[in-house]
Amino acid sequence: MLLKEKTIMEDRVRLICKRTVVSTKPVEQGRLYRFSVFDHVMEPNHIRLVYYYRTSKTREPGEITKKLRESLAYTLNCYPIVTGRLVKETDGTEENRWKVKSNDAGVRMVEARATGTVEEWRRSVNREEELKLVHWEDMYHLPYYWSTFYVQVTEFESGGLAIGLSCTHLLADPVCAMMFIRTWADLTLTRNMMTPPLFHSLPPRRFTSHKLSNNQLLSHYIRSCSLTAPPSNVTEDRMVTTTLLFPDPMVQAGENEQGISPFEILSGLLCVCVSRAKGKRNELTDMSLCLDVRKLLRLDQSYFGNCMVYHKVHYSKPVTTKDRLLLLSYVVKEIHNVTKGLDYDTVMDLVEWLSSNNNNPISNGSDLVCINLENMANSRPMMFEEDLMLSHVSCYVEGPVAGGGQAIVLPSQLSEGPMSRVVMVTLPQREMVKVLEDELLQSFSPVLLMEYTKLLNQ
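Okay, so let's go over this structure.

Reading the values: rules and limits
Residues numbered from 1 in each chain as written. Predicted model: local features only at pLDDT ≥ 70, side-chain atom pairs only at ≥ 80, totals over all residues. Heavy atoms only, no water. Core = buried A, V, L, I, M, F, W, Y, C linked by side-chain atoms within 4.5 Å. Buried < 20%, exposed > 50% of the residue type's maximum accessible area, 1.4 Å probe, protein only. Domains from an automatic or database assignment. Salt bridge = Lys/Arg side-chain N within 4 Å of Asp/Glu carboxyl O. Helix = DSSP H or I, 4+ residues; strand = E, 2+ residues; numbered from the N terminus. Phe/Tyr/Trp six-rings, centres within 6.5 Å; stacked < 30°, edge-to-face > 60°. Lys NZ or Arg CZ within 6 Å of the ring centre and 35° of its normal. Pairing = 2+ DSSP bridges. Axes fitted to C-alpha atoms, helices over the stretch in contact; angles between N-to-C directions. Contact = heavy atoms within 4.5 Å. 1 Å grid on protein atoms, 1.4 Å probe; cavity = no way out; pocket = protein on both sides within 12 Å on 5 of 7 lines; lining within 4 Å. Points joined across faces, edges and corners; volume = space filled by probe spheres on them. Nonpolar A, V, L, I, M, F, W, Y, C, P; charged D, E, K, R; others polar.

### What to know about the nonpolar core
And step 1. Membership of the largest hydrophobic core comes to 143 residues, with the highest contact counts inside it found for Phe-38, Tyr-51, Leu-297 and Leu-373.
And step 2. Residues from two domains meet in this core; each of domain 1 (10-190) and domain 2 (216-226 + 237-385 + 397-450) gives at least three.

Here's what the structure looks like:
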């Protein structure tokens, strides 16, 4: 299906067309793919990724888009769940919940052009403009015709490329979405799949009983999945996103003991700064961590499906110090205790409770949510062609949002050292300005990857 080419005044992105890309091999028609309990609790949310590539080669307009469209069709052979459509069917053993019905419906692909170079774009882009590089459509009244995955390829007229991927969180978490892009890149460059996706169930239920009273992960889900009223601090202030690069030396300087990860340091830093921005003088803002548990459940990294959990950070003692460095050290230790306290039985307790008790999506209410994607770095560069060099990745996890905010910690694509990280922060606009001016945050020498003056003028 082609759309008329359109140009909007002052809009730097021009949509060329929207197509349907189908796999090159026929799929098993009518097969039903059932979702896990982790899939169902993420239903209201969706994911958007943008990959930016520099290029040293001049091409004809549309040349690289055509190549990527052809390789995408080849990639979809490995992802029948992606090309299917959502249905609700009752089979007598399961209540009427979403499933994917396998067919040859394919995915929607948008082709676009943008002015300037990819470097110029990134120096002046804001959230609203960046989201024009990753097409998304909400489900309408005919879900069987709705594509659960969208791809957008945007060629920059003066050099560079952006690849956008969006999908419903019901099918995949950010780890899955990023692995899909990597598979697509590998097949485009070498025609070899280095990490094929694995489609199977979560580990089976255990036959031993476990005490649930001390399971804080489960307690958070019991409370969060039962929320029916909106959180008390829903903000009327506009939510804005900015991206910060934290250099390796400054992150290392924040490591006060061995075993502390950059994610834990930067999540603690943002917790302290956001708490002050929210006007909390003698307390800390509520915070939840979103953590990948594939390894804990003895699953391969290429397991396809949701396998990230939300864990509330419980502060073991009240705030008694005004020394913000000591406060940061305390928060980082509390976060570390959460990440290291998770184990197989803790997560399986949650899986079994969700299997027996829950039909509702999770709501993190007014928490500041910190999502850990720092381990998505790979020794192999994610290359579609030899001259296309990945320069930056943006990630958005969108859904019902309150005033707590969100931080997504990603690996840096630049040669800034092993502990350098990129953090995408989403907050109410007034709080964002205060956080960016916070002296504790500034002591980590972050590099703003979006113009500060542009944020102030939004």
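### What to know about the pattern of salt bridges
And step 1. Under the definition given, this model contains 21 salt bridges.
And step 2. Of the charged contacts, one joins Arg-127 and Glu-398 as a salt bridge, the two residues approaching to 2.8 Å between their closest N and O atoms. Placement of the pair is Arg-127 in helix α5 (residues 127-130) and Glu-398 in strand β13 (residues 388-398), with a sequence separation of 271 residues. Grouping residues by exposure puts Arg-127 and Glu-398 together as buried.
And step 3. Salt-bridge contacts for Arg-294 lead to Asp-173; the nearest nitrogen and oxygen are separated by 3.0 Å. Taken as a pair, Arg-294 in the loop between β10 (287-292) and β11 (308-312) and Asp-173 in the loop between β8 (161-168) and α6 (174-190) lie far apart in primary sequence, 121 residues in all.

### Concerning the packing of aromatic side chains
Each aromatic ring pair is described using two quantities: the centre-to-centre distance and the angle formed by the ring planes.
And step 1. Summed over all chains, the structure comprises 11 aromatic pairs.
And step 2. Geometrically, the ring pair formed by Trp-184 and Phe-384 is edge-to-face, given 5.3 Å between the ring centres and 85° between the ring planes. Of this pair, Trp-184 sits in helix α6 while Phe-384 sits in the loop between β12 (368-372) and β13; the two residues are 200 residues apart in sequence, bridging distant segments of the chain.
And step 3. Given a relative accessible area of 0%, Phe-384 falls into the buried group.
And step 4. An aromatic cluster is present here, built from Tyr-79, Phe-149, Phe-180, Phe-199 and Phe-304 joined pairwise through their rings.
And step 5. Its guanidinium or amino end placed over the ring of Tyr-74, Arg-191 lies 4.5 Å from that ring's centre, counting from NZ or CZ.

### Some remarks on the sheet that holds strand β7 (residues 149-156)
And step 1. Across the sheet, six strands lie side by side as β1-β6-β7-β8-β3-β13; this open sheet has mixed pairing. Bordering the open sheet on either side are β1 (13-21) and β13, each of which pairs with just one other strand. With direction set aside, neighbouring strand axes in the sheet form an average angle of 15°.
And step 2. In the sheet, strand β3 (residues 46-55) pairs with β8 via eight bridges, with the strands oriented antiparallel. What sits directly across from Tyr-52, in β8, is Ala-162.
And step 3. Where helix α2 (residues 63-75) meets the sheet, it contacts β1, β6 (107-114), β7, β8 and β13, and its direction lies at approximately 165° from that of β6.

### Observations regarding the sheet that holds strand β16 (residues 447-448)
And step 1. The seven strands are arranged β11-β10-β12-β14-β15-β9-β16 in an open sheet whose pairing can be described as mixed. For this open sheet the edge positions go to β11 and β16, each flanked by a neighbour on one side alone.
And step 2. Judged from the four bridges that link them, β12 and strand β14 (residues 406-411) form a sheet pairing that is parallel. Bridge pairing links Asn-372 to Val-409 in β14.

### Observations concerning empty space enclosed by the protein
And step 1. Within the structure shown, the criterion is met by four cavities of 30 Å³ or more.
And step 2. A volume near 120 Å³ is recorded for the largest cavity.
And step 3. Along the walls of the largest cavity sit 15 residues, with Val-125, Glu-130, Thr-243, Ser-394 and Leu-449 positioned nearest its centre.
And step 4. Among the elements of the structure, α5, β9 (239-246) and β13 are those that each provide at least two residues to the lining of the largest cavity.
And step 5. Its residues assigned to classes, the lining of the largest cavity comprises six nonpolar, six polar and three charged.
And step 6. There are two domains that each give the lining of the largest cavity at least three residues, and those are domain 1 (10-190) and domain 2 (216-226 + 237-385 + 397-450).

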